[in-house]
Amino acid sequence: MALKTNASFSQGFERGFGLMESVRDRQLKQDALDQQAVNDAEDRKYQNETLGLKRQDSKDLKEYRDASIENEAARIAGQNATALISAETAQMTATTQGIKADTELLKQERLKDPNSLESKNLQAEIDEKELANKVGNNNLRAAQDAIVLSDLFNLSQQSEFTDAQLAQFKTGVDKLSGGRFDVSNIVTEVAMESPEVIGGFMQQLAEGGDVDMSPKVLRAITHSLKLNQSRNVGQVVDQSFKNAPSWMQKGNFVVNQQGLMSGTAKRVKNNDGTFSDGLSGSLFVKLEDRTDPDNVTYYFPPITENRRSTDATSLVLNLDETTQALAADANLIRTVGPKIRQQTRSALIQKNYGDNAGNNGVKDFQEDVNARLETNRKAIQGGGNVTSLMGMTAEHLELSREQMLDAAAMAKMKRHIEDELLFGVPAEPEQAKAMRWLDETKAALSQQTVPQPNNKTANLGQLVGENWNPQLISNLNGYFDVVDDQVVITDEKALIQELTQLGYYQ
């Protein structure tokens, strides 16, 4: 029975994990996924030019390594010859050893210089080992997590659970948290909708032409390719975040989350005349104010080293491999999600609302859910702003008040509330919120008056014209604030410098 039920799971893991890892490692590139910010190798690229050696440095490094091998061979040959020569050469040998010692001392001094070939050679070897260890550790955890998920899958086949088995389920869920097989990406309402979302996206692609992806598709791709699982999350934004606007780099913000912000899939013609599918896109990074978590902002880092807000190169994926990975992930969700959903929810309800003294937490959980649902219902009836309420999405705004209160719509809203309470997964994609933030911020910035040469001023919207883009909006937003309901410039000198660099102060 276990072999039969595990067949689909194993196939989903083998195809999904293998293809997703291939797409992440070979197509997205680690520096793009980690926002080229706190990645140690990337920092050394900017500071010491080690991993990103220039072509000439790479040529010199190869020559240095080749010369080192030749010198080592010559040294060994010299030692062999020394055994055969006369005693008169003993003094010469001693002199040679002295020279060698001086040379070694010089070599050690050069190792202290990060720009020397010796130092670059050593650092490159260290980086290669660190990268190999990192990939190995990631793969090891994924394999271990797959075993845990398989155990939960088998355990879920039972009709009844003992307290010990429920505790085992809870332990397994905790182990998977934050990893490749985090259950929040498998059993939630959002996750279980993703196969249909991805299917619709691939159907549109198969029909030909350009495909603009919705926030739901962007979220599904983010989760499938694990773009949201970055070491940046939780980090304080400082000057090591090379692609963040300078005003964000002062230690006042912490990274809350990240993901794929925009994407366009199209069929492109290759140089050899053949055609292939490509996926281009950009990322978002959501930041929280360290002293006021309700104060959030976004930036949209370019994938290349070019930090200019008006010139950002999108990341490009091989769409064939990406869609295979998405299909494999969708298969895993269809196969495993429905089987472990109820037990996973029960385990988390007991963990968050119950205790180990006989209270399974169900009563308290349902009271919390129903109270929030009632708050939503009253807000809808009263015509209030419902966009910030738990369980609500932008799609609700397209419905009439009567449609929002329909039994089916309320039942779906309730499931979303339950998922956010248990798994921290909101109903609305963060991409949709970021898009609203961009629209609202652009509208506000466009109305502002900014300084120009010779004590003149100009309307920012007229200056920028049609050149608005996410990077520019994020950059300029930091130079304005609201004081006593009035928008003011926080640092006019810095704003003028920014406008000058962007070509809007002339």
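Here, every reference points to the structure presented above.
These remarks concern the structure in this document. Quick caveat: nothing in here was measured; it's all calculated off a predicted structure.

## Regarding the overall build of the chain
Secondary structure assignment for the chain yields 18 helices and nine strands. Put simply, the chain has 506 residues, and 43% of those count as buried. Taking contacts inside the chain between residues at least 6 apart in sequence as the whole, the part at least 24 apart equals 67%. For the chain, the accessible surface area stands at approximately 26,900 Å², while carbon and sulfur atoms represent 48% of it.

## A look at unusual backbone geometry
Glycine aside, residues mostly have negative phi, and peptide bonds are mostly found in the trans state. Phi angles above zero are rare outside glycine, and asparagine 454 is one such case at about 65 degrees. Despite not being glycine, aspartate 485 has its phi angle at roughly 65 degrees, a positive value. Tracing the chain through its elements places aspartate 485 in the loop between β8 (480–483) and β9 (486–489).

## Let's talk about the packing of aromatic side chains
Geometrically, a pair of aromatic rings is defined through the distance of the ring centres and the angle of the planes. Counted by the stated rule, this structure contains six aromatic pairs. Geometrically, the ring pair formed by phenylalanine 284 and tyrosine 298 is edge-to-face, given 6.4 Å between the ring centres and 65 degrees between the ring planes. Remark: tyrosine 298 occurs in strand β4 (residues 296–299) and phenylalanine 284 occurs in strand β3 (residues 275–289); sequence separation between them is 14 residues. Overall, the relative accessible area of 1% leaves phenylalanine 284 in the buried class.

## Notes on the packing of helix α15 (residues 430–446) against helix α17 (residues 470–477)
The relative placement of two packed helices is expressed as an angle between their axes plus a distance between the axes. At a minimum axis separation of 10 Å, α15 and α17 run at an interaxial angle of 60 degrees. Our classification of the angle between α15 and α17 gives oblique. Where α15 crosses over α17, the two elements pack in a sense that is left-handed. On α17, the residues touching Trp437, Leu438, Thr441, Lys442 and Leu445 of α15 are Pro470, Ile473, Ser474, Leu476 and Asn477. Looking at side-chain class alone, the contact of α15 with α17 contains six nonpolar, three polar and one charged residues.

## Some thoughts on α17
α17 sits mainly inside the fold: seven of its eight residues count as buried. Within α17, burial applies to Gln471, Leu472, Ile473, Ser474, Asn475, Leu476 and Asn477. N-capping of α17 is provided by asparagine 469, with a side-chain oxygen placed 3.0 Å from the backbone N of glutamine 471.

## What about the pattern of salt bridges?
The full count for this structure, using the stated rule, is eleven salt bridges. For the salt bridge of glutamate 418 with arginine 345, the shortest nitrogen-to-oxygen distance reads 3.2 Å. Taken as a pair, glutamate 418 in helix α14 (residues 407–423) and arginine 345 in helix α10 (residues 319–353) lie far apart in primary sequence, 73 residues in all. Since its relative accessible area comes to 7%, glutamate 418 is described here as buried. Under the relative-accessibility criterion, arginine 345 is labelled buried at 9%. Here arginine 436 and glutamate 428 are joined by a salt bridge, their closest N and O atoms 2.6 Å apart.

## Some thoughts on the side chain of aspartate 289
Take aspartate 289: it is sitting in strand β3. Although aspartate 289 is buried, it makes no salt bridge; arginine 290 carries the closest opposite charge, 7.4 Å away. Side chain to side chain, aspartate 289 and threonine 291 meet in a polar contact 2.9 Å long. Ignoring any residue separated from it by four or fewer positions in sequence, one finds aspartate 289 in contact with Asn252, Phe253 and Asn295.

## Quick look at the environment of methionine 390
Residue placement: methionine 390 occurs in the loop between α11 (362–381) and α12 (394–397). According to the relative accessible area criterion, methionine 390 is buried, its value standing at 19%. With near-sequence residues (within four places) excluded, methionine 390 lies in contact with Arg372, Asn376, Ile417, Glu420 and Leu421.

## What to know about the environment of glutamine 257
Position of glutamine 257 relative to the elements: it lies in strand β2 (residues 253–269). Residue class for glutamine 257 comes out partly exposed when judged on its relative accessible area of 27%. Within the structure, glutamine 257 has its side chain in polar contact with the side chain of asparagine 256 (distance 3.2 Å). At 3.3 Å, the side chain of glutamine 257 forms a polar contact with the side chain of glutamate 430.

## Examining helix α18 (residues 492–502)
Since the α-helix advances by 3.6 residues per turn, residues separated by three or four positions end up pointing in the same direction. The complete set of buried residues in α18 reads Ala494, Leu495, Glu498, Leu499 and Leu502. What you see down the axis of α18 is that its buried residues fit within an arc of 135 degrees, all on one side. Residues of α18 that are exposed and angled more than 90 degrees away from the buried face: Lys493, Gln497 and Gln501. Against β6 (449–452), α16 (460–464), α17, β8 and β9 lie the buried residues of α18. Following α18 by one or two positions, glycine 503 has its phi on the positive side, about 85 degrees.

## So, the pairing of β9
Two faces belong to every sheet, and in a regular strand the side chains alternate between them. As paired strands, β8 and β9 are joined by four bridges and run antiparallel to one another. The residue bridging valine 482 from the neighbouring strand is valine 487, located in β9. Turn length for the β8-β9 hairpin, with the two strands adjacent in sequence and antiparallel, is two residues, and the turn residue aspartate 484 shows positive phi of about 50 degrees.

## Comments concerning the packing of α17 against α18
Where α17 meets α18, the axes come as close as 11 Å, and the angle between the chain directions of the two elements is 160 degrees. Relative to α18, the element α17 is oriented roughly antiparallel. Of the residues in α18, those in contact with Leu472, Asn475 and Leu476 of α17 are Leu495, Glu498, Leu499 and Leu502. A breakdown of the residues in the contact of α17 with α18 according to their chemical character gives five nonpolar, one polar and one charged.

Calculation notes
- Residues numbered from 1 in each chain as written.
- Predicted model: local features only at pLDDT ≥ 70, side-chain atom pairs only at ≥ 80, totals over all residues.
- Heavy atoms only, no water.
- Helix = DSSP H or I, 4+ residues; strand = E, 2+ residues; numbered from the N terminus.
- Buried < 20%, exposed > 50% of the residue type's maximum accessible area, 1.4 Å probe, protein only.
- Contact = heavy atoms within 4.5 Å.
- Areas by Shrake-Rupley, 256 points an atom, 1.4 Å probe, with all protein chains shown as cover.
- Phe/Tyr/Trp six-rings, centres within 6.5 Å; stacked < 30°, edge-to-face > 60°.
- Axes fitted to C-alpha atoms, helices over the stretch in contact; angles between N-to-C directions.
- Parallel < 35°, antiparallel > 145°, perpendicular 65-115°, else oblique.
- Left-handed = near helix turned anticlockwise from the far one by under 90°.
- Nonpolar A, V, L, I, M, F, W, Y, C, P; charged D, E, K, R; others polar.
- Polar contact = N/O pair within 3.5 Å; in protein donor to acceptor, adjacent residues only side chain to side chain.
- Salt bridge = Lys/Arg side-chain N within 4 Å of Asp/Glu carboxyl O.
- Lys, Arg positive; Asp, Glu negative; His and termini not counted.
- Arc of directions from axis to C-beta.
- Pairing = 2+ DSSP bridges.

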